[in-house]
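# Chains, contacts and geometry: an overview
Given next are the chains, with one letter for each unit.
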Amino acid sequence: MSKNLNAAQDTRPAGRRPVLPPALDAAAGEALLDDPQEWPSFGRQCAASNGAVQSAGAWESHVVIEGMHCAACALTVEDALRSVPGVQQAEVSAASQRARVVWQPGQTRPSEWMHALRRAGYRALPALDAQVRDQRLRENRQALWRWLVAGFCMMQVMMYAWPAYVAAPGDLSQEMEQLLRWASWVISLPVVLFACGPFFSNALRDIRQRRISMDLPVALGMAITFAVSTAGTFDPGGAFGHEVYFDSLTMFVFFLLTGRWLELRLRDRTAGALEAVLNRLPPSVLRRAADGAFERVAVRRLEPGDRVRVLPGEAFAADGQVLEGQTLADEALLTGESTPVPRGPGSPVVAGSYNLQSPVLVLVQGVGEDTRFAQIVALMESAATQKPRLAQLADRIARPFLVLVLLAAALAALWWWPTDPARALMVAVAVLIVTCPCALSLATPVAMLSAAGALARSGVLVRRLQALESLSQVDTVVFDKTGTLTRDGMGIQAIEPAQGVPEAQALAMAAAMAVQSLHPVSRALVRAAQEQGVPASDWTVSNLQETPGQGLQALAQRADGSGSVWRLRLGSSRYTGCGQGSAGVPADASGSVWLAYLDDGGQPRLMARFAVAEDLRAHSASVVAALRQQGLAVQLLSGDRSEAVARLAERVGIAHWQAQCTPSDKLAALHALQAQGHRVAMVGDGLNDGPVLAAAHASFAFGRAVPLAQAQADFVVPGDDLFQVIRTIALAQQAVKVVRQNLLWAAAYNAATVPLAIAGYMPAWLAGLGMALSSLLVILNAARLSVIPSTPAHQASGAVPALQGGAVSA
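A short tour of the structure in this document, coming up. The shown structure was predicted, so the numbers you read here are calculated from the model rather than taken from an experiment.

### Details of helix 17 (residues 503-514)
Its 12 residues give helix 17 an end-to-end C-alpha distance of 16 Å, which sits within 8% of 16 Å, the value for a rise of 1.5 Å per residue. Summarising burial for helix 17: 10 of the 12 residues are buried, a large majority.

Put into structure tokens, the structure is as follows:
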């Protein structure tokens, strides 16, 4: 985001994000979004490196599309957006009902491409606008009311239709039968005029726009059924008078609305969960004014240097540092760590995390696009509008398939017309309804989005949905060493004090010196003292001198002034004078840091040896063992020296490793594996692994060493839990399995029901029930992906979900 936009002052009242005023029409409301100060609220400025398609200065906006129900609708929305001059890219997902629009401010404005959508019969709302949540609630209420009206009327119509089914010849007089028909017609009117309203309005929109969507065949079926039954009611002696189908109509509508309502509820579990993550920031915060009083202001008005009060239960609105107060923070989304972390004066806090315990005063240090939360939002919004390969295929065949549906219904009607015109029209209705490809269009995107949402909640961010399919097929996992299997730093593996020297004293003296150095080994000593509860503050250090690459030298004395002054050296064996062969020095002294004091004669005397090694991530060995147990080959590529790589490979159990690799060497090794027919997943830290991460079939970037927007990996893991690799592979395999099940079910359903409908063995109500159940089954099957396969960290034995044959074993 440009700095002038980030720092722009907002003179509107504090509170929620701007909501379109109800007194204004849609066009006037969209014109408000032409203000450049509004653009950051639902988008961001594209980076210059995003590709040749995006020219400098382009903006990427994310909007929610209102009135979209199927894959054909998504294609129509994309065509409408791309027809606007200045719109460079448009990606629309029917499953999440979101669109990503890349546009050039010098050529168009948001109101122009939103107006193009309105002309096509749709409406766009800013994805992070509060009105989106209100619209979601409104849709749920309207769907529930239509379902209730259809259900009540269906029961009444069935009560009136029942005598005609059970009465023997002569039991039901013609006048009574006609009266029951009129009663059914009256009761069916609310169903047709209210409950079926969205289907008819969408169908009329399609006719006016000369296109086709999945609502058109359904609306035609409803209209034909009601027209035939109305003709039979008004003219009992006519061609359509021998039977009416109000019961079939109301049952069909009720079943269809049941499926749509449940589909809406289940979709909210994925799109709603995504929306909940994207809207974690509070709409306003309490900012301290110059006079010390607190005023509530909009989040967009925050600037670095502001001081804000965050109450329990509120989210931190910006990155910053705690000035006053002690609390616990939930940072699960940003770090992958589910356990609340303590935060006190001097502790950092991150935007999007929650204050769980008590009020704190925070100094704002990063706002807007400068926060890690904004990078996470960008990744999730991008994933929500992506289309996997199978979903793109389903979208491409949606429109031709709908044309075939209409032709099949027309041919069926022509075939049956000479025999019975009323039967011919009802057969056509059954064909129109039963062949609607709703399940086919939902099969892939719903499953992939469910998996991506589940991964996001567990701490894995999906950059590319297509990577889930690629990840499900991997047979080799390649790890980077530094920053991946190891943490970004060193660790103290053992402390060996000299005879007569207390271990705690040696560690405290070393930490007191190391706290004034930024060397990784110094930080490791300070961290070890903190973890063991050894206070370095018990010692006062003076005259500290640091020799780069060698060590530290200083004078140390107890903080209370008691005892002697020690002349200490901390560093390599050569620097401290404690080389191999010295008294008390072990023969194997590799990878050690020495602490020595100088006696009155200036001779070094050993106090302690600290065994230093790279700080291995927790459970690295368990993860490698689990991957090998599941039949996956594991290899290690590192730029470090051979001795260090060999030691670490032995510790974690990797037999195949390669050391002293440049980025090009890693890329060559990856290409060699791929040339042998292996499907490779690469796990790195994202710092210098960009080429190899991009070239792998699937890739992971761990840690927080690189901005998320620059990471080249398909999956980004902000935390340190390497078990996320196993969980993600397991869920990817399960997702692909679910997609195949959904596609198989959709194909089998149409193959079985279309001949029955054409042959006249499937009434309209049964066709409606089958259509609703087919879509519902697809969504329920995808909903199983919302549960992440359990791989607790304590399962060091490798008891993790089986990754066999591209599926997760039950």
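What follows continues from the structure just given.
### Thoughts on a nonpolar patch on the surface
Residues Leu-144, Trp-145, Leu-148 and Phe-194 make up a contiguous nonpolar surface patch of roughly 390 Å² in combined accessible area. Looking at which element gives the most residues to the nonpolar patch, the answer is helix 5 (residues 130-166), with 3 residues. With respect to the helices and strands, the residue Trp-145 is situated in helix 5. Judged by its relative accessible area of 56%, Trp-145 is exposed.

### Quick notes on the sheet that holds strand 12 (residues 348-349)
Strand pairing in a sheet relies on backbone hydrogen bonds. The paired strands run either parallel or antiparallel. Pairing in this open sheet of 6 strands is antiparallel, and the strands run 7-6-8-14-9-12 from one edge to the other. The open sheet is flanked by strand 7 (294-298) and strand 12, the only strands paired with a single partner.

### Notes on the pairing of strand 9 (residues 319-324)
In the sheet, strand 9 pairs with strand 14 (residues 360-366) via 5 bridges, with the strands oriented antiparallel. Across the sheet, the residue bridging to Asp-319 is Gly-366, located in strand 14. Pairing analysis gives 2 bridges linking strand 9 to strand 12, with the strands arranged antiparallel. Across the sheet, residue Gly-320 finds its bridge partner in strand 12, namely Val-349.

### Topic: the environment of Ser-173
Among the structural elements, Ser-173 can be located in the loop between helix 5 and helix 6 (174-195). You can call Ser-173 partly exposed: its relative accessible area is 37%. Of note is the side chain of Ser-173, whose polar atom sits 3.2 Å from the backbone nitrogen of Met-176.

### Section: the nonpolar core
Counting 54 residues, the largest nonpolar core has Phe-199, Val-218, Met-222, Phe-252, Val-253 and Leu-256 as its most contacted members. For this core, the element with the highest residue contribution is helix 13 (residues 421-434), accounting for 12 residues. Setting aside residues no more than four positions away along its own chain, Phe-252 makes contact with Val-218, Met-222, Ile-433, Ala-764, Trp-765 and Gly-768. In this structure, Val-624, Ile-654, Val-725 and Ala-735 belong to the second largest nonpolar core, which totals 51 residues.

### Some details on the packing of aromatic side chains
Counted under the stated rule, the structure contains 12 aromatic pairs. Between Trp-39 and Trp-59, the ring centres sit 5.5 Å apart and the planes meet at 70°, which makes this aromatic pair edge-to-face. Highlighted residues: Trp-39 in the loop between helix 2 (26-31) and strand 1 (43-45) and Trp-59 in strand 2 (residues 59-66), separated in sequence by 20 residues. Note on accessibility: Trp-39 and Trp-59 belong to one class, buried. Relative to Trp-185, the ring of Trp-182 lies with its centre 5.8 Å away and its plane at 80°, an arrangement referred to as edge-to-face. Here the residue Trp-182 and the residue Trp-185 both occupy positions in helix 6, the gap between them amounting to 3 residues, near one helical turn. A relative accessible area of 32% means that Trp-182 is categorised as partly exposed. According to the relative accessible area criterion, Trp-185 is buried, its value standing at 18%. Three or more aromatic residues link up through ring pairs in this structure, and these residues are Trp-39, Trp-59, Trp-103 and Trp-113. Its end group placed over the ring of Phe-194, Arg-146 keeps NZ or CZ at 5.5 Å from the ring centre. For Arg-309, the ring lying beneath its charged end belongs to Phe-294, and the centroid distance is 4.0 Å.

Definitions and limits used
Residues numbered from 1 in each chain as written. Predicted model: local features only at pLDDT ≥ 70, side-chain atom pairs only at ≥ 80, totals over all residues. Heavy atoms only, no water. Helix = DSSP H or I, 4+ residues; strand = E, 2+ residues; numbered from the N terminus. Expected span 1.5 Å × (residues − 1). Buried < 20%, exposed > 50% of the residue type's maximum accessible area, 1.4 Å probe, protein only. Patch = residues over 30% accessible without salt bridge, like charges linked within 9 Å, V, L, I, M, F, W, Y side chains within 5 Å. Areas by Shrake-Rupley, 256 points an atom, 1.4 Å probe, with all protein chains shown as cover. Salt bridge = Lys/Arg side-chain N within 4 Å of Asp/Glu carboxyl O. Pairing = 2+ DSSP bridges. Polar contact = N/O pair within 3.5 Å; in protein donor to acceptor, adjacent residues only side chain to side chain. Core = buried A, V, L, I, M, F, W, Y, C linked by side-chain atoms within 4.5 Å. Contact = heavy atoms within 4.5 Å. Phe/Tyr/Trp six-rings, centres within 6.5 Å; stacked < 30°, edge-to-face > 60°. Lys NZ or Arg CZ within 6 Å of the ring centre and 35° of its normal.

Spatial relationships are all this shows, so hold off on functional conclusions.
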